[in-house]
Amino acid sequence: MDETILVPITAAIVIGILFLGLPWLILHYVTKWKQASTMTMEDENLLDELHDIARRLDDRVNTVERIIAADRDVPARVTELRPQQALRKEI
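Parameters at a glance
Once a new chain begins, its residue numbering starts again from 1 and follows that chain's sequence as written. Per-residue local features of the predicted model are confined to residues with pLDDT of at least 70, and side-chain atom pairs are confined, for both listing and counting, to 80 or more; whole-chain, interface and lining totals are unaffected and use all residues. Only hydrogens and water are set aside when side-chain values are computed; all heavy atoms of the structure are taken into account. Helix numbers and strand numbers start at the N terminus; a helix is a DSSP run of H or I with at least 4 residues, a strand a run of E with at least 2. For every residue, the accessible area obtained with a 1.4 Å probe (protein chains only) is divided by the maximum for its type, and the residue is called buried under 20%, exposed over 50%, and partly exposed between those limits. Using a 1.4 Å probe, the Shrake-Rupley method yields the accessible areas, and only the shown protein chains count as cover for residues. To estimate how far a helix should reach, multiply one less than its number of residues by 1.5 Å. Candidates for patches are residues over 30% relative accessible area with no salt bridge; among them, like charges are joined within 9 Å and nonpolar side chains (Val, Leu, Ile, Met, Phe, Trp, Tyr) within 5 Å. Any carboxyl oxygen of Asp or Glu that lies within 4 Å of a side-chain nitrogen of Lys or Arg is treated as forming a salt bridge with it. Within this scheme the basic residues Lys and Arg register as positive and the acidic residues Asp and Glu register as negative, but His and the chain ends are omitted. Where a charge lies is defined by one atom per residue type, namely NZ (Lys), CZ (Arg), CG (Asp) and CD (Glu). Note that the bend at a residue is defined as the angle between axes fitted to the seven residues ending at it and the seven residues starting at it.

### With respect to the overall build of the protein chain
Scanning the protein chain for helices and strands turns up 3 helices and 0 strands. Secondary structure elements of the protein chain occur, N-terminal to C-terminal, as α-α-α. Buried positions account for 4% of the 91 residues belonging to the protein chain. In the form shown here, the protein chain has an accessible surface area of approximately 8600 Å², with 65% of it arising from carbon and sulfur atoms.

And the structure:
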């Protein structure tokens, strides 16, 4: 093949990639990113379910703490010590 024919074909391919392919690729992934940033109904249901599970677990921990407190004859609100313990760990 002659170089005089190959250069314009290569230049056309490079220009096509730069001005058509690259913007399309960028806009495609920007669109995907925007779609992924919104919560779907399934995500909201999962979040509600996780919140309910966390609340029930917190209730269970409080119940266990009350049982242990009653067994040891100490005040029932052992959960008030948790923030202080977290501060001690940070220091």
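### Brief notes about helix α2 (residues 41–72)
Side chains of residues three or four places apart in an α-helix project in the same direction, reflecting 3.6 residues per turn. The terminal C-alpha atoms of α2 lie 46 Å apart, and with 32 residues this matches the ideal 46 Å at 1.5 Å per residue to within 8%. Among all positions of α2, only N62, E65 and A69 are buried. Downstream of α2 by one or two residues, D73 has phi in the positive range, about 55°.

### Side note on a negative patch on the surface
Side chains of E42, D43, E44, D48, E49 and D52 sit close together on the surface and give a patch of like negative charge. By secondary structure assignment, the location of E42 is in helix α2. Residue E42 is classed as exposed on the basis of its relative accessible area, which comes to 63%.

### What to know about helix α1 (residues 3–37)
For α1, spanning 35 residues, the distance from its first C-alpha to its last is 49 Å, which sits close to the expected 51 Å at 1.5 Å a residue. In the structure, α1 departs most strongly from a straight axis at I17, where the bend amounts to approximately 35°.

Worth remembering: the numbers are spatial, not functional.
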